[in-house]
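# Chain and residue survey
Listed below, chain by chain, are the residues.
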2 protein chains.
Amino acid sequence: MTYCVALLLKEGLVFISDTRTNAGVDHISSFTKLFRFGIEGERFMVVQTAGNLATTQSVVTRLQHQIAAQIEPNLNTVGSMFEAAELIGASLRRVLKNVSESPEQEAMYGCSILLGGQIAGQEMELYNIYPQGNFIRATLDTPYFQIGEIKYGKPIMDRALSYYTPLDQALRCSLISFDSTIRSNVSVGMPLDVMVYPANSLKLPKGKRVTENDAYFQEIRKEWSDILKQGLQNIAPPTTDYFD
Amino acid sequence: MTYCVALLLKEGLVFISDTRTNAGVDHISSFTKLFRFGIEGERFMVVQTAGNLATTQSVVTRLQHQIAAQIEPNLNTVGSMFEAAELIGASLRRVLKNVSESPEQEAMYGCSILLGGQIAGQEMELYNIYPQGNFIRATLDTPYFQIGEIKYGKPIMDRALSYYTPLDQALRCSLISFDSTIRSNVSVGMPLDVMVYPANSLKLPKGKRVTENDAYFQEIRKEWSDILKQGLQNIAPPTTDYFD
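Per an unreviewed UniProt entry, chain A goes by the name Peptidase and belongs to Acinetobacter sedimenti.

Here it is, written out as structure tokens:
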């Protein structure tokens, strides 16, 4: 399995992906699922993938090849983030058609893709692209998308996150969402790939790979557990009728 | 969907079930999924159900009928909690065989059942009974079971709960696990059925139905959200390399 999350906030974009892939419990590997595209000062895009690894690698390789071989359209020449989402959706459909002869096979080889970014002179945008090649866009009401093993890490996001949450606090919230998922589900694993994009910067961030040994991640894992345990002790004890 | 949780702790047993059932989004109803059995001073059992409602109602009705008609064995006469689990597993198999002619149909009509309780002179026990009729027992290492829509509410249980957690604190933790699930998933809904059994009491608790308007549940929902938001603000901000 996989867990990827992407946030579209007033202050910028946050992307985090785990790196664990598995085909059964005895074939576990580490692959990046977060890919950066763009041109410094002109456009910035991140693609995150979940699902069949052969499919997602093929889609990403096609996107990279289109740029290298200057095949039009490509992610460096599309006129909007919407067109970028259309291009990725179309690539995904072609890859899936090549390997599947039935809807059941397509479901087996399917994948989900998140696309976020900004082109100079336009707004930041975030898309969730389905295996069918169509997609939805994040809004102020729903400022984040998840793909993969999404349920464990959703409650903290639903409670603590809004479009107006400051970037560094949204990053903390997302890292805790990952920690919650990793603790409860063995198919999502470290290291994590993290990338933060400040609104309108049009920079290409290097991104950070967060390993088990990362001092900050270790610190908030421990701090967060302490906060929850302490919080549980501090909230009011149940009224006596709960014990009737 | 459904969410049920049952805890086997040093100080006693805790059971919580939601009451929402749905067959598609336009056929939503409220049914109890928590059933008490036993004889005051002699034995106490709770059965919780998730899955196909026709199947679970049929299993529970059979268990109740066996007692009323004094058909042996029944939950009031079995010699151990293990035998109670066997009896329920066998009932479940009979119900499923009656309605299904293929493994696919069986999967469609299947259900999961939690059984917890205590018989005089014996230890408290907690079982997770699968649609196949076999079952596992909770231990000190794994003192709780969930059935139904389990993922949203698992992280808080995994972080905060152990066999030695005091009963009232375990109840708080479980209620928060339900609140997290209800906020993130519309197929799990209020009211909740709650039952707490103090170890070796051999009493039959009345149990409590927790509605949206329950003052205590409203209070901890709000308190917990505040604790999480405050906690996120208080933990250390990410190191600068997260923004590279």
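## Some thoughts on the pattern of salt bridges
In the structure shown here, the tally under the stated rule is 29 salt bridges over all chains. A salt bridge links B:E149 to A:K151, with the nearest nitrogen and oxygen atoms 2.7 Å apart. With B:E149 in the loop between β10 (144–148) and α4 (154–160) and A:K151 in the loop between β10 (144–148) and α4 (154–160), this pair bridges two chains. In this structure B:E149 comes out as buried when scored by relative accessible area, which is 7%. A relative accessible area of 26% places A:K151 in the partly exposed class. The closest approach of N and O atoms between A:K208 and B:D241, which form a salt bridge, is 2.6 Å. Of the two residues, A:K208 sits in strand β12 (residues 208–210) while B:D241 sits in the segment after α6 (215–234), which places them in two different chains. Taking the relative accessible area as the measure of exposure, A:K208 reaches 12% and is therefore buried.

## Focus: the relation of the copies chain A and chain B
When chain A is brought onto chain B, the operation consists of a screw motion whose angular component is 180° and whose axial shift is 0.0 Å, with 0.0 Å RMSD remaining. The transformation relating the two chain copies, once decomposed into turn and shift, fits a two-fold axis. Closest approach to the rotation axis within chain A is made by the C-alpha atom of A:Y152, at a distance of 2.4 Å. When you check the interface residues of chain A against chain B, 100% turn up at the interface there too, and the contact is symmetric in its surfaces.

## Brief notes about the interface of chain A and chain B
Every contact between the two is made by 52 residues of chain A and, on the other side, 52 residues of chain B. Our count for the contact surface shared by chain A and chain B stands at 26 residue pairs in polar contact (both at pLDDT 80 or more). Residue assignment for the side of chain A that touches chain B shows that the elements contributing at least two residues are α4, α5 (167–184), β11 (192–198), β12 and α6 (215–234) of chain A. Looking at side-chain class alone, the side of chain A that touches chain B contains 25 nonpolar, 9 polar and 18 charged residues.

## Observations regarding the environment of B:Y130
All names here are of chain B. Along the chain, Y130 falls in the loop between β8 (125–129) and β9 (135–137). Using a relative accessible area of 30% as the deciding quantity, one classes Y130 as partly exposed. It is 45 Å that separates the C-alpha atoms of Y130 and Y242, two residues lying 112 residues apart in sequence. If near-sequence neighbours (up to four positions away) are discounted, Y130 is found in contact with L92, C111, F135 and I136.

## Some details on the pairing of strand β6 (residues 43–51) of chain B
Residues and elements named next belong to chain B. Burial analysis of β6 places 8 of its 9 residues in the buried class, which makes it a mostly covered element. As defined by bridge partners, strand β5 (residues 34–39) adjoins β6 across 6 bridges and the pair is classed as antiparallel. Within β6, the residue paired with F37 across the bridge is M45. Hairpin connection from β5 to β6: 3 residues lie between these consecutive antiparallel strands, with G41 at a positive phi of about 80°. Relative to strand β7 (residues 111–119), β6 runs antiparallel, the two being bridged by 9 bridges. Following the sheet pairing, V47 is matched in β7 by L115.

What counts, and at which threshold
Residues numbered from 1 in each chain as written. Chains lettered and ligands numbered in written order. Predicted model: local features only at pLDDT ≥ 70, side-chain atom pairs only at ≥ 80, totals over all residues. Heavy atoms only, no water. Salt bridge = Lys/Arg side-chain N within 4 Å of Asp/Glu carboxyl O. Helix = DSSP H or I, 4+ residues; strand = E, 2+ residues; numbered from the N terminus. Buried < 20%, exposed > 50% of the residue type's maximum accessible area, 1.4 Å probe, protein only. Least-squares fit on C-alpha atoms with pLDDT ≥ 70 in both. Contact = heavy atoms within 4.5 Å. Polar contact = N/O pair within 3.5 Å; in protein donor to acceptor, adjacent residues only side chain to side chain. Nonpolar A, V, L, I, M, F, W, Y, C, P; charged D, E, K, R; others polar. Pairing = 2+ DSSP bridges.

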